[in-house]
Structure formats: C-alpha cells, structure tokens
Amino acid sequence: MTADLNALLPFILIGLVVLVLAVWLLARSGRKARVVKDDGAPAIGRDVLEEGAERARRNQALIDAPRGIETMQGTTSAAANSQPVAAAPLGTDAEAGPEVTPEPAAPTPAPAPAPAPDARDDLTRIKGIGPKLVALLGDLGVTTFAQIASWSDEDIQRVDAQLGRFSGRITRDQWIAQARLLAAGDEAGFTERFGKNG
C-alpha cells in the first residue's frame, strides 16, 4: 500500500495546488482592484477619490446648491410656484467636462423696509451666522437685523431653501429672536438669553 501511495503522491500534491489556486482566484475575482502606487508599475485600478481638486471643487458647489423645490417638505404655494435654480458654467476641466456652479435665484428682499445703501448690520453677531452666511444673505438682499426680525414663516421657508448646506439654521439657531433683540438695541436681553457674542 505504501508503494501505491508513493505513486499517487505527486498527483495529490498537484491536485491540492490546483485547488488552492482555484479558491484564491475565486476569492480575488470578488474584490475590487486597489490602487497601488509604485513608480515602476502602473496602478491596477483607479481611485475615484483621487480625481483632483477641480472635481472636488465642482462637487462641493453641487453640495452647497439649494435644494430643489420638489424635494422640500411642507412647501407653501408661493414656494411651489417659484422657478428652480439654473446652473451656469464657470470653467472647464478637460477630463470632467464643463464645471458648473448653481446660480443664485433672483434676490427677493425681506418685507421689512429697505435699508439705506450704506446701512448694514454686523450679522455675524447673530449666533449661527458666519462670514459665508453673511455673504449668502447679502446676495439675497438681507443686510440688517430688522429684516431678519420681520421674517414671516413663508420668508423663513423661502430663505432656508436657498441656504444650501446651511439649511435649517434659521429656526435651530433662533435667528429671528436674536435679530429682534439686536434690532431693538437690547444688548442686555441678548446677552442674558443668548450669551456674549463677539
């Protein structure tokens, strides 16, 4: 029996090697290729996260774009009748095609009386408003505490729909209450309710 086993041993070993190789190939075919950086060899696959800064900037612009009217819940009839925001080309990327950034909707001033051209409040005093939001609100024609203080529920929904990734901050950070105190010049009441901001 030992002679028979010795004669079959090479076939058994070859069979095991083939079996191991087949299992390895099956396991490997289910995996996605990884990018391996080696100066001497090309990459096996492509990593979609390493497509360059131009695509990242374009994608960030899409993230910052206002949500579409149909995706908002609880829209009013005025918001439902408004036009969707169109995109305008900014530049081109040879590999990615034209780069687009959303064009802001036509600025609609708040119902508060229009301030004098040089009358601007420091909106960053309202907690939850930073320099980016000041610029965005300025594009919408909002530059004073009085304008924010006089917003109705419809105004809040209209402006919130245009805040992009900052959507929801108006109510969450209580901009209206803060703006009312600041517009009235009630520094003590503002500090008592919202703390120091400066």
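Residues numbered from 1 in each chain as written. Predicted model: local features only at pLDDT ≥ 70, side-chain atom pairs only at ≥ 80, totals over all residues. Heavy atoms only, no water.

Participant: Please provide a residue-by-residue account of the overall build of the protein chain, values included.
Facilitator: Within the protein chain one finds nine helices and two strands. Reading the secondary structure of the protein chain in the N-to-C direction produces α-α-α-β-β-α-α-α-α-α-α. With 198 residues in all, the protein chain has 22% of them scored as buried. The long-range fraction of contacts in the protein chain, counting pairs at least 24 apart against all pairs at least 6 apart in sequence, stands at 52%. (Helix = DSSP H or I, 4+ residues; strand = E, 2+ residues; numbered from the N terminus. Buried < 20%, exposed > 50% of the residue type's maximum accessible area, 1.4 Å probe, protein only. Contact = heavy atoms within 4.5 Å.)

Participant: Tell me about the confidence of the model for the protein chain, and please be specific about residues and values.
Facilitator: Considering every residue of the protein chain, the mean pLDDT works out to 73; 55% of them sit at 70 or more. When mean pLDDT is compared element by element in the protein chain, helix 5 (residues 145-149) scores highest at 93, while helix 3 (residues 77-81) scores lowest at 46. Predicted confidence is poor over residues 69-81, with pLDDT under 50, and the contacts of this stretch with residues over four places away or in other chains come to eleven contacts. (pLDDT = per-residue confidence, 0-100.)

Participant: Quick one: what's the story with a nonpolar patch on the surface, residue by residue and with numbers?
Facilitator: Where nonpolar side chains cluster on the molecular surface, the patch consists of Leu5, Leu8, Leu9, Phe11, Ile12, Leu13, Leu16, Leu19 and Val23 and spans about 890 Å² of accessible area. Relative to the helices and strands, Leu16 resides in helix 1 (residues 2-29). The partly exposed category is assigned to Leu16, whose relative accessible area is 47%. (Patch = residues over 30% accessible without salt bridge, like charges linked within 9 Å, V, L, I, M, F, W, Y side chains within 5 Å. Areas by Shrake-Rupley, 256 points an atom, 1.4 Å probe, with all protein chains shown as cover. Salt bridge = Lys/Arg side-chain N within 4 Å of Asp/Glu carboxyl O.)

Participant: Before we move on, could you go through the nonpolar core and cite the residues and values that matter?
Facilitator: One finds Leu137, Ile148, Trp151 and Trp175 to be the most contacted residues of the largest nonpolar core, which totals 24 residues. Where this core is concerned, the elements lending two or more residues are helix 4 (131-139), helix 5, helix 6 (153-160), helix 8 (175-183) and helix 9 (187-194). (Core = buried A, V, L, I, M, F, W, Y, C linked by side-chain atoms within 4.5 Å.)

Participant: Account for helix 1, naming residues and giving values.
Facilitator: Here helix 1 contains 28 residues, and its C-alpha end-to-end distance of 40 Å stays within 8% of the 40 Å for a straight helix at 1.5 Å per residue. The largest bend along helix 1 reaches roughly 40° and is located at Leu8, with the proline Pro10 sitting one to four residues downstream. Where burial is concerned, little of helix 1 is hidden: zero out of the 28 residues are buried. (Expected span 1.5 Å × (residues − 1). Bend = angle between axes of the 7 residues up to and from the residue.)

Participant: Requested: an account of helix 9, with residues and values cited.
Facilitator: Listed in full, the buried residues belonging to helix 9 are Gly189, Phe190 and Phe194. Take helix 9 and look down its axis: the buried residues cluster within an arc of 100°, on one side only. The exposed residues of helix 9 that point more than 90 degrees off its buried face are Ala188 and Glu192. Directly after helix 9, the chain includes Gly195, whose backbone phi takes a positive value near 85°. (Arc of directions from axis to C-beta.)

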